[in-house]
2 protein chains.
Amino acid sequence: MNTFSYQQLYEFTYNILLKIGCSETDAKIATEVLLSADLRGVDSHGVARLSGYVRLWEKGRINATPNVHVSYETPSTAVVDGDGGLGLVVAPFAMQVAIEKAKNAGTGWVSVKNSNHYGIAGYHAMMALEHDMIGLSLTNASPLVSPTFSKERMLGTNPISVAIPADKQPPFVADMATTTAANGKLEILQRKEMDAPLGWVQDADGIQTTDANGVKKGGALLPLGGDREHGSHKGYILGSVVDIFSAVLSGANYGPWVPPFVAFLEPDPNPVGKGLGHFFGAMRVDAFRPANEFKTHMDNWISRFRAAKPIEGHDKVLIPGDPERELETERMSNGIPLIKPVEDDLRALGLKFGVEL
Amino acid sequence: MNTFSYQQLYEFTYNILLKIGCSETDAKIATEVLLSADLRGVDSHGVARLSGYVRLWEKGRINATPNVHVSYETPSTAVVDGDGGLGLVVAPFAMQVAIEKAKNAGTGWVSVKNSNHYGIAGYHAMMALEHDMIGLSLTNASPLVSPTFSKERMLGTNPISVAIPADKQPPFVADMATTTAANGKLEILQRKEMDAPLGWVQDADGIQTTDANGVKKGGALLPLGGDREHGSHKGYILGSVVDIFSAVLSGANYGPWVPPFVAFLEPDPNPVGKGLGHFFGAMRVDAFRPANEFKTHMDNWISRFRAAKPIEGHDKVLIPGDPERELETERMSNGIPLIKPVEDDLRALGLKFGVEL
């Protein structure tokens, strides 16, 4: 496995995006969003996906020069039309709208239609932090998950990210798929030819399986909880709420109609909306109490939870965002390791567009 | 097990609440909230808790004549001070504030301090439905749950409820504890002297146990997911977000400082806030798109999910709220069954206050 510096991967990604016709501004933000995944250790959502975005563009399913705009608004809400652009560009635009709304109304809530996959949910939620706001970021995604009692793929891994500012402590940053395990974790097991734990995947008949390739064989990812006895209906609820907020509110496609990320699968010929959908929220903490009071109590919350008595064999209790932040520091200094197939894929992409890695 | 009509239990609860000094208006709404739990099958949160509330009042920890008021606000937010009142009274007040905010600003978000347990989360979220709004209801609660890798009780079962209106279909109504199983489910197993599935409870050392009495013996409930491999850090995230929105935003107690519901346990002598906290949201669907468009697509969402291919042995896929709605209709006609200990408890309470059941 070779390691690349952040700057190397940044230049490469940025130049590829220019080659497909993105503006400099759009290429810059999209690169930043994409690479934040690699830095934070969500390798499945970073440069590994670059060629996938390019293939969608080649198929005419991504608009490299979109007119991203607010199509409807009230004092605390807006709908953003992504005009078929990269989610990596549309999402930061929409989150910024939410932040501006919050400056005036206390909170801002933006539902997005006509978009594409937006990288890691956490990047967008974290945009709120520097404004002393709580950030929320949700998105629907291509259907891979079956509701409790079903064998049909109806929902994406539909993540929820919440970022909450603190004072001296680092912020609370949660970013979680609403399935037991994200698809990226399965891909790791597939490469290592290892089994998956029960509770992650079901087969085509809806029976739990340890086959890490179960989804590819017509099965589905399981909602958080795994089975009914362990609360899979709650994961199903969470994924559904993400879907409805992201797409039924905005006018995007929902449930099984969400267009596939992979270019070799065609979108449903009878869509129920436009593209895929996201949902963003920004809440000024001083719309509730003075910001310094809030942040001092968040410090206290965080340090108290860090100090919770650990189970034997574990050092300490983690705060959401701890592992990703540590990895970000480490990878910014020491570089980002890429597995061979991803490196090969990027080099082929570079060759095609005349961009050197 | 004897069965009582809704009207019988309503009269009884209402009169007990008058006896402890509630106004007629407050007694009415509190009774309605409490009994909505019995109707919807959340028996642990209904009349079974009435004597618990009364004991807290006897200890001076519930104010029967509170001055519930908005203590801070912006166009889309407010903080409500519950003045130590029954959560059953404070929560509907706060949700109404959220609804009024939404009428003007598109959305309303209310964090509540100085309150007590508020019954079922779903009641309050559902208040939004008749206004063509999406309702959100969260609350923190007495610590019973350990974060991933911890053996200390740091969080309550901190539920999340989301209610979403539809047109011809019944609404989507989710109401879920952020633990694998709600405490009420354990109580049922305890009464039947049955074991709990692994993934629900850990013992005092933080080891998973099938002992349904594990929590009483110094253990803890497990966050949704059960263990790290099955995503318990996601349940921990959800419970934490509920805690922070409910209490760090409002100025209530959070985490291990949340006052216990049982009167025989004293609250922490050094609180970090006032009482316990809730969080409510209301979003006008027409702050995003015309209400009829939204509701037509919700109908389509719901009917498509109902039609998802079921696993063999299961009739159909359920929509959140289906089981509770069916039970509500059934119990409104045929009455509410009470287990013997609850009936005895209510009769003793009636005897004490001169109210007949």
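The structure displayed is predicted, hence computed values, not measured ones.

Procedures and definitions
Residues numbered from 1 in each chain as written. Chains lettered and ligands numbered in written order. Predicted model: local features only at pLDDT ≥ 70, side-chain atom pairs only at ≥ 80, totals over all residues. Heavy atoms only, no water. Patch = residues over 30% accessible without salt bridge, like charges linked within 9 Å, V, L, I, M, F, W, Y side chains within 5 Å. Areas by Shrake-Rupley, 256 points an atom, 1.4 Å probe, with all protein chains shown as cover. Salt bridge = Lys/Arg side-chain N within 4 Å of Asp/Glu carboxyl O. Helix = DSSP H or I, 4+ residues; strand = E, 2+ residues; numbered from the N terminus. pLDDT = per-residue confidence, 0-100. Least-squares fit on C-alpha atoms with pLDDT ≥ 70 in both. Core = buried A, V, L, I, M, F, W, Y, C linked by side-chain atoms within 4.5 Å. Buried < 20%, exposed > 50% of the residue type's maximum accessible area, 1.4 Å probe, protein only. Contact = heavy atoms within 4.5 Å. Pairing = 2+ DSSP bridges. Right-handed = clockwise from strand over helix to strand, strands pointing away. Expected span 1.5 Å × (residues − 1). Buried area = accessible area lost by both parts, 1.4 Å probe. Polar contact = N/O pair within 3.5 Å; in protein donor to acceptor, adjacent residues only side chain to side chain.

**Q** Looking at this model, I keep getting lost on a nonpolar patch on the surface. Mind explaining?
**A** A cluster of nonpolar residues, V262, F264 and L265 of chain A, forms a patch on the protein surface that exposes about 300 Å² of accessible area. By the element assignment, V262 of chain A lies in the loop between α7 (232-248) and β11 (276-284).

**Q** For this particular structure, what's the right way to read the confidence of the model for chain A?
**A** Caution applies to low-pLDDT regions: their predicted coordinates should not be interpreted in detail. Taken residue by residue, chain A gives an average pLDDT of 97. The fraction at 70 or more is 100%. If you check the scores for this complex, the pTM reads 0.98 and the ipTM reads 0.98.

**Q** Is there a simple way to explain the relation of the copies chain A and chain B in this structure?
**A** The relation between the two copies of this chain is a rotation about an axis and a shift parallel to it. The operation relating chain A to chain B is a screw motion whose rotation component is 180°, with 0.0 Å of axial translation and a residual RMSD of 0.0 Å. Taken together, the rotation angle and the small translation identify this as a two-fold axis. Rotation axis and chain A: the residue whose C-alpha lies nearest the axis is G225 of chain A, separated from it by 2.5 Å.

**Q** Would you mind showing me how to read the nonpolar core here?
**A** Across soluble globular proteins, nonpolar side chains have a tendency to be buried as a group. One finds M298 and W301 of chain A together with M298 and W301 of chain B to be the most contacted residues of the largest nonpolar core, which totals 107 residues. Residues contacting W301 of chain A, with those up to four places away along its chain left out, are F172 and I319 of chain A together with S240, D243, I244, V248 and Y254 of chain B.

**Q** I keep staring at the sheet that holds strand β8 (residues 201-202) of chain B and nothing clicks. Help me out?
**A** Whenever strands of a sheet pair, they do so through backbone hydrogen bonds, lying parallel or antiparallel. All names here are of chain B. Here three strands make up an open sheet; going across it, the order is β9-β8-β10 and the pairing antiparallel. The open sheet is flanked by β9 (208-209) and β10 (220-221), the only strands paired with a single partner. Relative to β9, β8 runs antiparallel, the two sharing two bridges. Each residue of the ladder has a partner; that of V201, found in β9, is T209.

**Q** Help me understand the sheet that holds strand β9 (residues 208-209) of chain A in this model?
**A** All names here are of chain A. The three strands are arranged β9-β8-β10 in an open sheet whose pairing can be described as antiparallel. Across the chains shown, the open sheet's two edge strands, defined by having one partner strand only, are β9 and β10 (220-221). Sheet topology note: the strand β8 (residues 201-202)/β10 ladder contains two bridges and is antiparallel. Considered in β10, the bridge of V201 is made with L221.

**Q** Looking at this model, I keep getting lost on the environment of G135 of chain A. Mind explaining?
**A** Residues and elements named next belong to chain A. Take G135: it is sitting in strand β5 (residues 133-139). The sequence separation of G135 and D344 amounts to 209 residues, and the corresponding C-alpha distance is 36 Å. In contact with G135, other than residues within four places in its own chain, are M95, A125, A128, S161, V162, A163 and G281.

**Q** Would you mind showing me how to read the pairing of strand β4 (residues 107-115) of chain B here?
**A** Strand residues, when the strand is regular, have side chains that alternate between the two faces of the sheet. All names here are of chain B. Counting buried positions along β4 yields nine of nine residues, so the element is predominantly enclosed. Where strand β3 (residues 77-81) and β4 come together, five bridges link them in parallel fashion. Opposite A78, over in β4, you have V110 as the bridge partner. With helix α4 (residues 87-105) bridging β3 and the parallel β4, this β-α-β connection has right-handed handedness. Strand direction decides the pairing type here: β4 and strand β11 (residues 276-284), joined by seven bridges, are antiparallel. Among the inter-strand pairings, S115 is bridged to a residue of β11, identified as L276.

**Q** Please clarify how the pattern of salt bridges should be interpreted in this entry.
**A** Across all of its chains, the model carries 32 salt bridges over all chains by this definition. Here K59 of chain A makes a salt bridge to E266 of chain A, at a shortest N to O gap of 3.2 Å. Remark: E266 of chain A occurs in the loop between α7 and β11 and K59 of chain A occurs in the loop between α3 (50-58) and β2 (69-74); sequence separation between them is 207 residues. K168 of chain B is the salt-bridge partner of D167 of chain B, the closest N and O atoms lying 3.5 Å from each other.

**Q** Whenever I open this one, the environment of G275 of chain A confuses me. Can you help?
**A** Counting through the fold element by element, G275 of chain A comes out in the loop between α7 and β11. Through-space distance from the C-alpha of G275 of chain A to that of I164 of chain A is 29 Å; in sequence the pair is 111 residues apart.

**Q** Hey, could you run me through helix α1 (residues 6-19) of chain A in this one?
**A** All names here are of chain A. If you check α1, its first and last C-alpha atoms are 20 Å apart, about what 14 residues at 1.5 Å a residue would give, namely 20 Å. Along α1, the positions that sit buried rather than exposed are Y6, L9, Y10, F12, T13, Y14, I16 and L17. Summarising the contacts, the buried residues of α1 are in contact with β1 (2-4), α2 (24-39), α3, α9 (322-334), β12 (336-338) and α10 (340-353). Following α1 by one or two positions, G21 adopts a phi angle in the positive range, close to 110°.

**Q** I'm lost on the interface of chain A and chain B in this one. Help?
**A** For interface size, the figure often reported is the accessible area lost on association. At the interface, 91 residues of chain A touch 91 residues of chain B. With both sides pooled, the region where chain A packs onto chain B buries about 7,300 Å², and carbon together with sulfur makes up 68% of that total. Interface area lost by chain A to chain B is led by F149, K234 and F288 of chain A, which between them contribute 11%. A salt bridge links R304 of chain B to E152 of chain A, with the shortest nitrogen-to-oxygen separation between them at 2.5 Å. Here chain A and chain B share 38 residue pairs in polar contact (both at pLDDT 80 or more) between them. Sort the elements by how many residues they give to the side of chain A that touches chain B and α7 of chain A lands first, with eleven residues.

**Q** Quick question: what am I supposed to make of the side chain of T148 of chain A here?
**A** When you line up the elements, T148 of chain A lands in the loop between β5 and β6 (160-164). Within the structure, the side chain of T148 of chain A is placed 2.9 Å from the side chain of S232 of chain A, a separation counted as a polar contact. There is a polar contact of 3.2 Å between the side chain of T148 of chain A and the backbone nitrogen of H233 of chain A. Once you skip the residues sitting within four places of it in the chain, T148 of chain A turns out to touch P223, R228, S232, H233 and Y236 of chain A together with V317 of chain B.

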